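Remarks on the overall topology
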Amino acid sequence: MVSIKDVAKRCGVSAATVSKALNDRDDVSQATKEHIRRVASELGYYANPSARALKTKRTYNIGLLYTGTEPGLTHEYFSIILENFKTAVEEKGYDITFVNRGVEGQGGTYLEHCKYRQFDGVAVITADYTDPEIQRLCKAKIPVVTIDYVFESCPSVVADNTMGMRILTEYALEKGHKDIVFIHGGDTEVTRSRIMGFTMVMKEHGLKVDDNNLIEGAYHDADKSYEITEKLLKRKKRPSLIIYPDDYSYLGGYRAIHAAKLSIPGDISVIGYDNIAMSSVFELTTFDQDAASIGKLAVEKLLHIIDNPDGYKEHSVVMGRMVERNTVRDLNA
(Lines give C-alpha, C1' and ligand atoms only; values in the text may rest on other atoms or scores of the structure.)
Protein backbone atom coordinates (compact mmCIF):
# COMPACT_ATOMS: atom_id res chain seq x y z
CA MET A 1 0.00 0.00 0.00
CA VAL A 2 1.31 3.43 -0.97
CA SER A 3 1.90 5.65 2.06
CA ILE A 4 2.13 9.40 2.49
CA LYS A 5 5.90 8.95 2.98
CA ASP A 6 6.15 7.36 -0.48
CA VAL A 7 4.49 10.39 -2.02
CA ALA A 8 6.77 12.73 -0.07
CA LYS A 9 9.88 10.86 -1.22
CA ARG A 10 8.84 10.99 -4.88
CA CYS A 11 8.04 14.72 -4.63
CA GLY A 12 11.16 15.58 -2.63
CA VAL A 13 9.21 17.21 0.17
CA SER A 14 8.32 16.36 3.75
CA ALA A 15 5.39 14.14 4.72
CA ALA A 16 3.93 17.19 6.51
CA THR A 17 3.93 19.17 3.24
CA VAL A 18 2.17 16.32 1.45
CA SER A 19 -0.46 16.20 4.18
CA LYS A 20 -1.02 19.96 3.98
CA ALA A 21 -1.28 19.86 0.19
CA LEU A 22 -3.78 17.01 0.18
CA ASN A 23 -5.85 18.83 2.80
CA ASP A 24 -5.74 22.08 0.78
CA ARG A 25 -3.93 24.09 3.45
CA ASP A 26 -3.21 27.73 2.63
CA ASP A 27 0.47 27.55 3.65
CA VAL A 28 1.33 25.44 0.58
CA SER A 29 1.49 27.04 -2.88
CA GLN A 30 -1.07 26.07 -5.50
CA ALA A 31 1.67 24.79 -7.82
CA THR A 32 3.04 22.53 -5.09
CA LYS A 33 -0.45 21.26 -4.27
CA GLU A 34 -1.12 20.35 -7.89
CA HIS A 35 2.25 18.59 -8.23
CA ILE A 36 1.75 16.57 -5.05
CA ARG A 37 -1.81 15.61 -5.99
CA ARG A 38 -0.68 14.51 -9.45
CA VAL A 39 2.09 12.33 -8.02
CA ALA A 40 -0.26 10.89 -5.37
CA SER A 41 -2.72 9.96 -8.10
CA GLU A 42 0.01 8.36 -10.24
CA LEU A 43 1.23 6.29 -7.29
CA GLY A 44 -2.30 5.27 -6.37
CA TYR A 45 -2.24 6.91 -2.93
CA TYR A 46 -5.55 7.24 -1.09
CA ALA A 47 -6.02 8.80 2.31
CA ASN A 48 -6.96 6.43 5.12
CA PRO A 49 -10.37 7.66 6.33
CA SER A 50 -10.01 5.90 9.69
CA ALA A 51 -6.66 7.55 10.36
CA ARG A 52 -8.06 10.90 9.29
CA ALA A 53 -11.04 10.49 11.62
CA LEU A 54 -8.76 9.65 14.57
CA LYS A 55 -6.63 12.71 13.91
CA THR A 56 -9.38 15.23 13.15
CA LYS A 57 -12.14 13.74 15.33
CA ARG A 58 -14.36 13.87 12.24
CA THR A 59 -15.56 11.35 9.68
CA TYR A 60 -16.36 13.99 7.04
CA ASN A 61 -19.64 12.22 6.48
CA ILE A 62 -23.01 13.98 6.63
CA GLY A 63 -26.25 12.11 7.20
CA LEU A 64 -29.18 13.06 4.97
CA LEU A 65 -32.63 12.15 6.25
CA TYR A 66 -35.86 12.05 4.36
CA THR A 67 -38.54 9.66 5.52
CA GLY A 68 -40.15 8.94 2.18
CA THR A 69 -43.28 10.88 3.09
CA GLU A 70 -45.17 12.04 0.01
CA PRO A 71 -44.09 13.59 -2.21
CA GLY A 72 -40.55 13.28 -0.86
CA LEU A 73 -37.61 13.74 -3.20
CA THR A 74 -39.79 13.11 -6.27
CA HIS A 75 -40.96 16.70 -5.82
CA GLU A 76 -38.73 19.04 -7.82
CA TYR A 77 -38.62 21.51 -4.92
CA PHE A 78 -36.92 18.95 -2.67
CA SER A 79 -34.73 17.55 -5.44
CA ILE A 80 -33.36 21.04 -6.13
CA ILE A 81 -32.67 21.51 -2.43
CA LEU A 82 -30.88 18.15 -2.34
CA GLU A 83 -28.80 18.81 -5.45
CA ASN A 84 -27.59 22.17 -4.15
CA PHE A 85 -27.00 20.76 -0.68
CA LYS A 86 -24.96 17.90 -2.18
CA THR A 87 -22.86 20.22 -4.34
CA ALA A 88 -22.14 22.66 -1.51
CA VAL A 89 -21.27 20.00 1.07
CA GLU A 90 -19.00 18.07 -1.33
CA GLU A 91 -17.12 21.29 -2.08
CA LYS A 92 -16.24 21.32 1.62
CA GLY A 93 -14.85 17.79 1.45
CA TYR A 94 -17.79 15.92 2.99
CA ASP A 95 -19.58 12.81 1.80
CA ILE A 96 -23.32 12.15 2.13
CA THR A 97 -25.02 9.02 3.44
CA PHE A 98 -28.78 8.55 3.67
CA VAL A 99 -30.13 7.90 7.15
CA ASN A 100 -32.48 5.00 7.86
CA ARG A 101 -33.89 3.24 10.90
CA GLY A 102 -31.95 0.03 10.35
CA VAL A 103 -28.41 -0.63 11.54
CA GLU A 104 -27.09 -3.42 9.33
CA GLY A 105 -30.51 -5.03 9.30
CA GLN A 106 -30.75 -4.97 13.07
CA GLY A 107 -33.48 -2.34 13.30
CA GLY A 108 -33.11 0.68 15.55
CA THR A 109 -33.85 4.40 15.50
CA TYR A 110 -32.70 7.26 13.31
CA LEU A 111 -30.53 8.51 16.15
CA GLU A 112 -28.93 5.09 16.67
CA HIS A 113 -28.15 4.85 12.97
CA CYS A 114 -26.53 8.31 13.02
CA LYS A 115 -24.38 7.32 15.99
CA TYR A 116 -23.48 4.01 14.36
CA ARG A 117 -22.36 5.79 11.18
CA GLN A 118 -20.58 8.46 13.26
CA PHE A 119 -21.98 11.31 11.19
CA ASP A 120 -20.46 14.71 11.85
CA GLY A 121 -23.93 16.17 11.32
CA VAL A 122 -27.35 15.47 9.84
CA ALA A 123 -29.62 17.40 7.48
CA VAL A 124 -33.34 16.63 7.64
CA ILE A 125 -34.63 17.50 4.16
CA THR A 126 -38.19 16.22 4.39
CA ALA A 127 -39.82 14.30 7.22
CA ASP A 128 -42.84 13.92 9.47
CA TYR A 129 -41.66 16.28 12.18
CA THR A 130 -44.32 15.00 14.58
CA ASP A 131 -42.62 11.58 14.57
CA PRO A 132 -41.06 11.04 18.03
CA GLU A 133 -37.98 9.52 16.38
CA ILE A 134 -37.43 12.68 14.31
CA GLN A 135 -37.92 14.85 17.39
CA ARG A 136 -35.47 12.72 19.38
CA LEU A 137 -32.82 13.10 16.69
CA CYS A 138 -33.30 16.86 16.43
CA LYS A 139 -32.99 17.27 20.20
CA ALA A 140 -29.89 15.08 20.51
CA LYS A 141 -26.33 16.37 20.78
CA ILE A 142 -25.46 15.53 17.18
CA PRO A 143 -25.45 18.66 14.94
CA VAL A 144 -28.70 18.81 12.91
CA VAL A 145 -30.20 21.28 10.46
CA THR A 146 -33.86 21.09 9.43
CA ILE A 147 -35.60 22.26 6.25
CA ASP A 148 -39.05 23.95 6.40
CA TYR A 149 -39.53 23.24 10.10
CA VAL A 150 -38.24 24.97 13.23
CA PHE A 151 -36.94 23.18 16.31
CA GLU A 152 -35.46 25.47 18.94
CA SER A 153 -32.75 22.88 19.59
CA CYS A 154 -31.16 23.08 16.13
CA PRO A 155 -30.71 25.57 13.27
CA SER A 156 -33.19 25.58 10.41
CA VAL A 157 -33.79 27.02 6.96
CA VAL A 158 -37.38 27.68 5.99
CA ALA A 159 -39.17 29.16 3.02
CA ASP A 160 -41.57 31.97 3.93
CA ASN A 161 -44.73 30.13 2.94
CA THR A 162 -47.03 32.59 4.69
CA MET A 163 -45.61 35.54 2.78
CA GLY A 164 -45.47 33.57 -0.46
CA MET A 165 -49.19 32.86 -0.29
CA ARG A 166 -49.92 36.43 0.77
CA ILE A 167 -48.14 37.69 -2.34
CA LEU A 168 -50.06 35.35 -4.66
CA THR A 169 -53.43 36.14 -3.07
CA GLU A 170 -52.81 39.90 -3.15
CA TYR A 171 -51.87 39.59 -6.82
CA ALA A 172 -55.10 37.74 -7.61
CA LEU A 173 -57.16 40.38 -5.83
CA GLU A 174 -55.32 43.19 -7.62
CA LYS A 175 -56.35 41.55 -10.89
CA GLY A 176 -59.99 41.85 -9.79
CA HIS A 177 -60.57 38.25 -8.66
CA LYS A 178 -62.75 37.67 -5.60
CA ASP A 179 -64.11 34.18 -6.24
CA ILE A 180 -60.78 32.51 -5.44
CA VAL A 181 -60.35 28.87 -4.43
CA PHE A 182 -57.16 27.67 -2.77
CA ILE A 183 -56.57 23.92 -3.11
CA HIS A 184 -53.99 23.20 -0.41
CA GLY A 185 -51.89 20.16 0.47
CA GLY A 186 -52.20 17.84 3.44
CA ASP A 187 -51.81 18.97 7.05
CA THR A 188 -48.17 20.03 7.46
CA GLU A 189 -46.40 23.08 8.84
CA VAL A 190 -45.97 24.31 5.26
CA THR A 191 -49.69 23.91 4.54
CA ARG A 192 -50.71 25.67 7.74
CA SER A 193 -48.42 28.60 6.88
CA ARG A 194 -49.89 28.92 3.39
CA ILE A 195 -53.47 28.71 4.66
CA MET A 196 -52.62 31.46 7.13
CA GLY A 197 -51.30 33.71 4.36
CA PHE A 198 -54.33 33.11 2.15
CA THR A 199 -56.84 33.58 4.97
CA MET A 200 -55.22 36.76 6.27
CA VAL A 201 -55.29 38.51 2.89
CA MET A 202 -58.85 37.44 2.06
CA LYS A 203 -60.16 38.68 5.40
CA GLU A 204 -58.21 41.93 5.12
CA HIS A 205 -60.20 42.54 1.95
CA GLY A 206 -63.49 41.65 3.62
CA LEU A 207 -63.84 38.29 1.86
CA LYS A 208 -65.09 35.15 3.58
CA VAL A 209 -62.95 32.03 3.86
CA ASP A 210 -64.72 28.71 4.35
CA ASP A 211 -64.97 25.18 2.93
CA ASN A 212 -66.13 26.61 -0.40
CA ASN A 213 -62.83 28.31 -1.20
CA LEU A 214 -60.38 26.43 1.03
CA ILE A 215 -60.24 22.81 -0.14
CA GLU A 216 -57.82 20.07 0.88
CA GLY A 217 -56.02 18.37 -1.99
CA ALA A 218 -52.56 16.84 -2.00
CA TYR A 219 -49.06 17.91 -2.93
CA HIS A 220 -47.64 16.49 -6.16
CA ASP A 221 -50.91 14.75 -7.01
CA ALA A 222 -52.29 15.73 -10.41
CA ASP A 223 -55.13 13.20 -10.25
CA LYS A 224 -56.43 14.65 -6.98
CA SER A 225 -56.33 18.15 -8.45
CA TYR A 226 -58.18 16.90 -11.53
CA GLU A 227 -61.02 15.54 -9.37
CA ILE A 228 -61.32 18.73 -7.32
CA THR A 229 -61.13 21.02 -10.35
CA GLU A 230 -63.77 18.98 -12.17
CA LYS A 231 -66.15 19.51 -9.24
CA LEU A 232 -65.34 23.21 -9.01
CA LEU A 233 -66.14 23.71 -12.69
CA LYS A 234 -69.57 22.14 -12.20
CA ARG A 235 -70.58 24.68 -9.57
CA LYS A 236 -73.44 26.97 -10.47
CA LYS A 237 -71.01 29.84 -9.95
CA ARG A 238 -67.56 28.55 -10.69
CA PRO A 239 -64.51 30.33 -9.23
CA SER A 240 -62.72 32.87 -11.38
CA LEU A 241 -59.30 31.76 -10.12
CA ILE A 242 -57.82 28.59 -8.58
CA ILE A 243 -54.56 28.40 -6.66
CA TYR A 244 -53.03 24.89 -6.73
CA PRO A 245 -50.85 23.17 -4.08
CA ASP A 246 -47.90 23.13 -6.47
CA ASP A 247 -47.09 23.33 -10.16
CA TYR A 248 -47.13 19.58 -10.68
CA SER A 249 -50.60 19.29 -9.13
CA TYR A 250 -51.75 21.99 -11.52
CA LEU A 251 -51.34 19.52 -14.38
CA GLY A 252 -54.50 17.80 -13.16
CA GLY A 253 -56.33 21.11 -13.08
CA TYR A 254 -55.11 21.88 -16.57
CA ARG A 255 -56.53 18.60 -17.88
CA ALA A 256 -59.89 19.15 -16.15
CA ILE A 257 -60.22 22.70 -17.47
CA HIS A 258 -59.48 21.68 -21.05
CA ALA A 259 -61.75 18.65 -20.77
CA ALA A 260 -64.53 21.11 -19.92
CA LYS A 261 -63.61 23.07 -23.08
CA LEU A 262 -62.66 26.15 -21.07
CA SER A 263 -59.68 28.38 -21.76
CA ILE A 264 -56.91 29.64 -19.48
CA PRO A 265 -57.01 32.50 -18.59
CA GLY A 266 -59.99 33.53 -20.72
CA ASP A 267 -62.58 31.48 -18.85
CA ILE A 268 -60.70 30.70 -15.64
CA SER A 269 -57.40 31.83 -14.13
CA VAL A 270 -54.87 29.63 -12.35
CA ILE A 271 -51.80 30.00 -10.13
CA GLY A 272 -49.27 27.37 -9.07
CA TYR A 273 -46.47 27.15 -6.53
CA ASP A 274 -42.74 26.24 -6.74
CA ASN A 275 -41.80 27.37 -10.27
CA ILE A 276 -40.60 23.95 -11.39
CA ALA A 277 -39.19 23.52 -14.91
CA MET A 278 -42.50 22.64 -16.59
CA SER A 279 -44.26 25.77 -15.30
CA SER A 280 -42.58 27.91 -17.95
CA VAL A 281 -43.85 25.57 -20.68
CA PHE A 282 -47.43 26.09 -19.47
CA GLU A 283 -46.78 29.83 -18.95
CA LEU A 284 -47.99 29.32 -15.39
CA THR A 285 -47.98 32.18 -12.91
CA THR A 286 -46.40 30.72 -9.80
CA PHE A 287 -44.13 31.31 -6.81
CA ASP A 288 -40.42 30.50 -6.82
CA GLN A 289 -39.27 29.47 -3.33
CA ASP A 290 -35.57 29.71 -4.27
CA ALA A 291 -34.92 26.07 -3.39
CA ALA A 292 -31.30 26.38 -4.53
CA SER A 293 -30.54 28.98 -1.85
CA ILE A 294 -32.29 26.86 0.78
CA GLY A 295 -30.00 23.92 0.00
CA LYS A 296 -26.83 26.01 0.07
CA LEU A 297 -27.81 27.86 3.24
CA ALA A 298 -28.60 24.57 4.99
CA VAL A 299 -24.98 23.49 4.39
CA GLU A 300 -23.68 26.73 5.89
CA LYS A 301 -25.86 26.28 8.96
CA LEU A 302 -24.88 22.66 9.47
CA LEU A 303 -21.13 23.16 9.04
CA HIS A 304 -21.25 26.17 11.35
CA ILE A 305 -22.88 24.15 14.13
CA ILE A 306 -20.41 21.29 13.54
CA ASP A 307 -17.55 23.76 14.08
CA ASN A 308 -19.35 25.54 16.93
CA PRO A 309 -21.48 22.93 18.77
CA ASP A 310 -22.35 25.39 21.53
CA GLY A 311 -23.09 28.23 19.12
CA TYR A 312 -26.37 30.03 18.49
CA LYS A 313 -28.99 27.89 16.74
CA GLU A 314 -30.06 30.41 14.10
CA HIS A 315 -33.25 30.03 12.08
CA SER A 316 -33.13 31.58 8.63
CA VAL A 317 -36.07 32.43 6.38
CA VAL A 318 -35.63 32.43 2.60
CA MET A 319 -37.96 34.77 0.74
CA GLY A 320 -38.82 33.71 -2.79
CA ARG A 321 -40.52 35.67 -5.55
CA MET A 322 -43.66 35.55 -7.63
CA VAL A 323 -43.16 34.64 -11.29
CA GLU A 324 -45.85 36.34 -13.38
CA ARG A 325 -46.65 34.64 -16.65
CA ASN A 326 -49.88 34.26 -18.62
CA THR A 327 -52.49 32.32 -16.60
CA VAL A 328 -54.21 35.11 -14.67
CA ARG A 329 -56.76 37.28 -16.46
CA ASP A 330 -56.98 40.94 -15.46
CA LEU A 331 -60.68 41.45 -14.72
CA ASN A 332 -60.10 45.16 -14.30
CA ALA A 333 -59.22 45.63 -17.97
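Calculation rules
- Residues numbered from 1 in each chain as written.
- Predicted model: local features only at pLDDT ≥ 70, side-chain atom pairs only at ≥ 80, totals over all residues.
- Heavy atoms only, no water.
- Axes fitted to C-alpha atoms, helices over the stretch in contact; angles between N-to-C directions.
- Helix = DSSP H or I, 4+ residues; strand = E, 2+ residues; numbered from the N terminus.
- Parallel < 35°, antiparallel > 145°, perpendicular 65-115°, else oblique.
- Left-handed = near helix turned anticlockwise from the far one by under 90°.
- Contact = heavy atoms within 4.5 Å.
- Pairing = 2+ DSSP bridges.
- Core = buried A, V, L, I, M, F, W, Y, C linked by side-chain atoms within 4.5 Å.
- Buried < 20%, exposed > 50% of the residue type's maximum accessible area, 1.4 Å probe, protein only.

1. Re the packing of helix α5 (residues 76-91) against helix α13 (residues 291-307)
Orientation of α5 relative to α13, taken along the N-to-C sense of each, is 45°, at an axis distance of 7 Å. Taken together, the axes of α5 and α13 lie oblique to each other. Note that α5 runs across α13; the crossing there is right-handed. Here Tyr-77, Ile-80, Ile-81, Asn-84, Phe-85, Ala-88 and Val-89 of α5 lie close against α13, whose contacting residues are Ala-291, Ala-292, Ile-294, Gly-295, Lys-296, Ala-298, Val-299 and Leu-302.

2. Focus on the sheet that holds strand β4 (residues 144-147)
Hydrogen bonds between backbone groups are what pair the strands of a sheet, and the pairing can be parallel or antiparallel. Pairing in this open sheet of six strands is parallel, and the strands run β2-β1-β3-β4-β5-β11 from one edge to the other. Whereas interior strands pair on both sides, the edge strands pair on one side only; in this sheet they are β2 (95-98) and β11 (315-318). The mean angle between the axes of side-by-side strands here comes to 20°, regardless of whether they run parallel or antiparallel. Here strand β1 (residues 61-66) runs beside β2; their pairing, made up of four bridges, is parallel. Residue Gly-63 lies in a different strand from β2, and its bridge partner there is Thr-97.

3. Concerning the sheet that holds strand β8 (residues 241-243)
Across the sheet, which stays open at both edges, the four strands sit in the order β7-β6-β8-β9 with parallel pairing between neighbours. Of all the strands in the sheet, the pair left with one neighbour each is β7 (214-216) and β9 (269-271). Across the sheet, the axes of successive neighbouring strands diverge by a mean angle of 20°, strand direction being ignored. Relative to β7, strand β6 (residues 180-184) runs parallel, the two sharing three bridges.

4. Quick look at the nonpolar core
Soluble globular proteins: nonpolar side chains tend toward being buried together. Counting residues in hydrophobic clusters, the biggest one holds 26 residues, and the most contacted among them are Ile-81, Phe-85, Ile-294 and Leu-302. Of all the secondary-structure elements, those providing two or more residues to this core are β1, α5, β3 (121-126), β4, β5 (156-159) and α13. Sort the elements by how many residues they give to this core and α13 lands first, with eight residues. Not counting the four nearest positions on each side in its chain, Phe-85 is found in contact with Ile-62, Leu-64, Ile-96, Ala-123, Gly-295, Ala-298, Val-299 and Leu-302. With 19 residues, the next largest nonpolar core counts Tyr-171, Val-209, Phe-287 and Val-328 among its residues.

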